Structures are given as structure tokens and as C-alpha cells.
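# Summary of structural features
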Amino acid sequence: MEKLSSKQGGVQQFGYYAPLDPFYLSLYSISSGAAPFADSILNPTKVEISDKFVEGVEKYKTAIANGYMNPPTFDLTNVMSSFKPSANAGRSCSVPGILFRLL
């Protein structure tokens, strides 16, 4: 995140853009082998705050404080407009089974 962040010409560009909600933050704890935040996204009946969930939240807090990640109040609506087209714009690239277009 740090290497991708910059503040040139007074414009803040974060290295990582993400919504800051507990379900999204739960991906960190799940990938670490801990329990998800809730037992279901739709109509959850149980929530759990694991040590790994708290660890992930702390990592996000540090990244936000250092300017590497967008703050919770950041509007993600037009986040892709921050990225400028490259010389490869419009060309396709294949990555292990995924076909995507370069920006």
C-alpha cells in the first residue's frame, strides 16, 4: 500500500481503496483462518469479533493514519477516475484464466 500511495501536486492518491464495513474487514480474519464477522450477509443471526478481526482492523487503522488507504469518509463512487489510461489502454491481457482490459 505504501509504495502505491502518493501526494503529488496536493492530490492524495491512496495505495488501497476499499469500503470500510465489518463484512469487508472480515475477509482479513477469514483469510487468516479465523471466523467471519457474521454467519450470513443476509439476515445474520450471530456475529463474532475474533482476534484476527481486531488485528485486521488495527492494520486498516494504521494504513489510514499513514495515508496509504482511504479514510471511512472517502467517497468511493468515482474512485476509478483517479487512474489515468496507460499506453496499453484497450488491450486485453490474460492472467491465469482471467481476461481483463488494461486501464
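Residues numbered from 1 in each chain as written. Predicted model: local features only at pLDDT ≥ 70, side-chain atom pairs only at ≥ 80, totals over all residues. Heavy atoms only, no water.

### Looking at the environment of Val57
Which entries qualify depends on this criterion: Labels follow the DSSP assignment, with helices taken as runs of H or I lasting at least four residues and strands as runs of E lasting at least two, numbered in each case from the N terminus.
With respect to the secondary-structure elements, Val57 resides in helix 2 (residues 51-65). Through-space distance from the C-alpha of Val57 to that of Leu25 is 6.9 Å; in sequence the pair is 32 residues apart.

### Considering helix 1 (residues 22-31)
Put simply, the rule reads: Working definition: with a 1.4 Å probe on protein chains only, accessible area under 20% of the residue-type maximum means buried, over 50% means exposed, and in between means partly exposed. Working definition: the arc comes from the directions between the helix axis and the C-beta atoms, pointing outward to the latter. Any two residues whose heavy atoms approach within 4.5 Å are treated as being in contact. Between N or O atoms, a polar contact is any pair within 3.5 Å; within protein, one atom must be a potential hydrogen donor and the other a potential acceptor, and residues adjacent in sequence are included only when both atoms are from side chains.
If you check which residues of helix 1 are buried, you get Leu25, Ser26 and Ser29. All buried residues of helix 1 fall inside an arc of 115° around its axis, so they share one side. In this fold, the buried residues of helix 1 make contact with helix 2. Of the residues flanking the start of helix 1, the one acting as N-cap is Asp21, its side-chain oxygen 2.9 Å from the backbone nitrogen of Phe23. The positive-phi residue at the C-terminal boundary of helix 1 is Gly33, with phi of around 90°.

The analysis is restricted to geometry; functional conclusions fall outside its scope.
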